[in-house]
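Topology and contacts: notes
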Amino acid sequence: MNEAISVKDLVLAEDKKDWFVADRFGMFIHWGLYALGARHEWLKNREEIAPEDYEKYFEHFDPDLYDAREWARRAKQAGMKYAVLTSKHHEGFCLWDSQVTEYKATNTPIGRDLLAEYVEAFRAEGLKIGFYYSLIDWHHPDFTIDVHHPQRNHPGVEQLNSGRDMTRYAAYMRDQVRELLTNYGKIDIIWFDFSYPKREYRGLPGKGHKDWESDKLLALVRELQPGIMVNNRLDLLEEEGYLPDMTTPEQYTPRVAPTIKGQEVTWEACHTFSGSWGYHRDEDTWKDPDQLIKLLVDSVSLGGNLLMNVGPTGRGTFDERANQALEAYGEWMRLHGRSIYGAGVSEFEAPRDCRFTQRGDRLYLHIYSWPFRHIHLEGMAGTFDYAQFLHDASEVHWLESAEEVDSNVGVAVPKGTVTLELPVKKPGVTVP
Ligand code: FHN
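With an unreviewed UniProt entry as reference, the protein chain is termed alpha-L-fucosidase, source organism Devosia pacifica. Within the UniProt record for the protein chain, the comment given under Function (unreviewed entry) is "Alpha-L-fucosidase is responsible for hydrolyzing the alpha-1,6-linked fucose joined to the reducing-end N-acetylglucosamine of the carbohydrate moieties of glycoproteins." In its Sequence similarities (unreviewed entry) section, the UniProt entry covering the protein chain states "Belongs to the glycosyl hydrolase 29 family."

**Remarks on the overall build of the protein chain**
A tally of helices and strands in the protein chain yields 12 helices and 15 strands. Split into buried and exposed, the 432 residues of the protein chain put 57% on the buried side. Intrachain contacts of the protein chain at a sequence separation of at least 6 include 70% that bridge at least 24 residues. For the protein chain, the accessible area works out to roughly 17,800 Å², and carbon and sulfur atoms hold 50% of it.

**Overview of the pairing of strand β4 (residues 189–193)**
Of all 5 residues in β4, 5 are buried, a share of seventy percent or more. Neither face of β4 is left uncovered, since the one carrying Ile-189, Trp-191 and Asp-193 and the one carrying Ile-190 and Phe-192 both have all their residues buried. Pairing of strand β3 (residues 128–134) with β4, which is carried by 5 bridges, proceeds in the parallel orientation. Within the sheet, the bridge partner assigned to Tyr-133 lies in β4 and is Phe-192. In this structure, β4 lies alongside strand β5 (residues 229–230), joined through 2 bridges in parallel fashion. Each bridged residue has a counterpart across the sheet, and for Ile-190 the counterpart in β5 is Val-230.

**Remarks on the pattern of salt bridges**
As enumerated under the stated definition, the model contains 28 salt bridges in all. The salt bridge partner of Glu-327 is Arg-74, with a shortest N-O separation of 3.4 Å. Taken together, the residues span a long stretch of sequence, with Glu-327 in helix α12 (residues 320–336) and Arg-74 in helix α5 (residues 68–77) at a distance of 253 residues. Across the salt bridge formed by Asp-290 and Lys-294, the nearest N and O atoms sit 2.9 Å from each other. Linking Asp-290 with Lys-294, this pair stays in helix α11 (residues 289–301), spanning 4 residues, or about one helical turn.

**Describing unusual backbone geometry**
With omega at -25°, the peptide bond leading from Asp-193 into Phe-194 counts as cis. The phi angle at Ala-38 is positive, at roughly 55°, despite the residue not being glycine. Positionally, Ala-38 belongs in the loop between α2 (34–37) and α3 (43–46). Assessed through its relative accessible area of 7%, Ala-38 is described here as buried. Although it is not a glycine, Ala-393 sits at a positive phi angle of roughly 60°. Summarising the element assignment, Ala-393 is placed in the loop between β13 (388–389) and β14 (404–406). By relative accessible area, which is 44% here, Ala-393 ends up partly exposed.

**Brief notes about the sheet that holds strand β9 (residues 304–310)**
If you trace the 7 strands from one edge of the open sheet to the other, you get β5-β4-β3-β2-β1-β9-β8, paired in parallel fashion. The strands lining the two open edges of the sheet, one partner per strand, are β5 and β8 (267–272). The strands touched by α11 are β1 (25–29), β8 and β9; relative to β9, the strand with the most contacts, the crossing angle is about 150°. In the packing of α12 onto the sheet, the strands contacted are β1 and β9, and the crossing angle to β9 comes to about 150°.

**Regarding the site of the ligand**
Around the ligand, a shell composed of 14 residues is seen, among which His-30, Glu-41, Trp-42, His-90 and Asp-193 lie nearest. Within the contact set of the ligand, an oxygen atom lies 2.7 Å away from a side-chain nitrogen or oxygen of His-30. Asp-193 has a polar side-chain atom sitting 2.6 Å from a nitrogen atom of the ligand. Look at the ligand: alone it shows 330 Å² of surface, and the protein chains cover 89% of it. Grouping the amino acids of the shell around the ligand by side-chain chemistry returns 7 nonpolar, 3 polar and 4 charged.

**Quick notes on the environment of Tyr-54**
Along the chain, the position of Tyr-54 falls in helix α4 (residues 51–60). For the pair Tyr-54 and Lys-44, spaced 10 residues apart in sequence, the C-alpha to C-alpha distance is 7.4 Å. Once residues lying within four places of it in the same chain are set aside, the contact partners of Tyr-54 are Leu-33, Tyr-34, Leu-43, Lys-44, Ile-49, Glu-91 and Tyr-103.

**A few points about the domain arrangement of the protein chain**
Assigned domains of the protein chain: these are domain 1 (7–339) and domain 2 (370–421). For the pair domain 1 and domain 2, the two sides together bury roughly 630 Å², of which 52% comes from carbon and sulfur. For the domain 1 face of the interface with domain 2, the top three residues by lost area are Leu-335, His-336 and Arg-338, together amounting to 61%. Linking domain 1 with domain 2 are 1 salt bridge, by the criterion used here. Remark: the boundary between domain 1 and domain 2 carries 2 residue pairs in polar contact (both at pLDDT 80 or more). Breaking the side of domain 1 that touches domain 2 down by element, the ones donating at least two residues are α11 and α12. Tallied by class, residues from the side of domain 1 that touches domain 2 come to 3 nonpolar, 2 polar and 3 charged.

Definitions and limits used
- Every chain's residues receive numbers from 1 upward, in the order its sequence appears when written.
- Residues qualify for local features only when their pLDDT is at least 70, as the model is predicted, and side-chain atom pairs are given and counted only at 80 or more; totals for whole chains, interfaces and linings, by contrast, use all residues.
- Side-chain measures were taken over the full set of non-hydrogen atoms in the model, leaving aside hydrogen atoms and water.
- UniProt positions are given in the numbering used here, feature names are shortened, and annotations may be inferred rather than shown by experiment.
- Comment: elements are numbered from the N terminus, with helices defined as DSSP H or I runs of at least four residues and strands as E runs of at least two.
- Here the term buried applies to any residue with accessible area under 20% of the maximum for its type, exposed to any over 50%, and partly exposed to those in between, with areas from a 1.4 Å probe on protein chains only.
- Contacts were defined at the residue level, with two residues in contact if any of their heavy atoms lie within 4.5 Å.
- Here the Shrake-Rupley method, with its probe set to 1.4 Å, supplies the accessible areas, and only the displayed protein chains count as covering residues.
- Only strands joined by at least two bridges in the DSSP assignment are considered to pair.
- Take a side-chain nitrogen of Lys or Arg and a carboxyl oxygen of Asp or Glu: if they are within 4 Å of each other, that pair is a salt bridge.
- To get an axis, fit a line to the C-alpha atoms, keeping to the stretch in contact for a helix; angles then go from 0 to 180 degrees between the N-to-C directions.
- A single heavy atom is enough: if one lies within 4 Å of a molecule or strand, its residue is considered near that molecule or strand.
- Here a polar contact means two N or O atoms within 3.5 Å. Within protein one must be a hydrogen donor candidate and the other an acceptor candidate, and residues neighboring in sequence count only if both atoms are side-chain atoms.
- Each residue gets one of three labels, nonpolar for Ala, Val, Leu, Ile, Met, Phe, Trp, Tyr, Cys and Pro, charged for Asp, Glu, Lys and Arg, and polar for the others, Gly among them.
- Each domain's extent was defined by an automatic or database domain assignment.
- Accessible surface is computed with a 1.4 Å probe, and the buried area is the amount of it that two parts give up when combined, taken over both parts together.

And the structure:
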């Protein structure tokens, strides 16, 4: 059933949106041969590494310390409720025992289906399961050598490209997606990445649009896993009136909640702890705990999710920097999770340097620049008559104006982002 699908089949089912909104926080995991290069998942592109030179990573890929149960425990302890693992990134290497390629983990020294272990471990910890699958494939012989391809500047690129057939590659992708959505039980998210026909027309004569045959790919996904969420990186957006299950703003959180053709969509920001998605040994631009917490609060305050990325090492472990970041999330989520899970855009406008998240009659004021003297909730007098710090449920006193909270409190309050919980006094508002 690979004929084109009507727009009505693509509209988000409310049930999918509910769990996604309830979860709010997920773990992205970028893992592949590039972990051995340890200098970004695009290293093959950036350094224009020839296939024969990149083969060394395939020959040496042996993540002997890989323990998916440890990964799952750390994700759960961080407060994450779902995960998305790169089954195949742009390098074309597959973490699962695919029957349509030899370029897979089961043919490397590790000799195991690493994806199967991820599914079993994360499902056992109660996290929802997502697969990232790259539309780009710098290893496949039919994938056109285009503006992003590592061999784009090869002197014989014309010759290399002759005979390449994206139709065959699109069929290969469908075969692989069929394996992924057939052999591992119920999958909650498929995260395609990324099509670029609109921006660059792939720098090739007469190529570009519809190369990935995304309509056929999406029809297959809907046939195999009707309840799955699909992100917006297939080239099916404006032209077809496609309303994705979720939009995935890249590494930024928009200033206003995204809409498509006036319709509000479920969305997700994805970010990394550092500047690299894949393990990068020498990267030193790591976000501190307060920056990480603000990324999460920013997204939820605008009605979105945060998919925060970890890049495991070539031994199969999360490095110490990643573990420290996850532990910081875990400590904050232990005390503040109810201001995040199932929360979203507030009906009120937050003061400067603050964010509101709201869940039913619970309003959460996240104060980004604590401590400062007074928090003036202009025009909100009478909305609520009680305030407490969320981290310890200690009462915070209103000033007589009933619009100002006296932040003249002791040093016991943690520095960085501080959250107040404000029970909204509005009749009829109930916590979902
Ligand atoms: O090129 C990829 C990149 O390596 C990474 O996977 C990100 C994650 O959102 N997606 C693409 C860049 O947008």
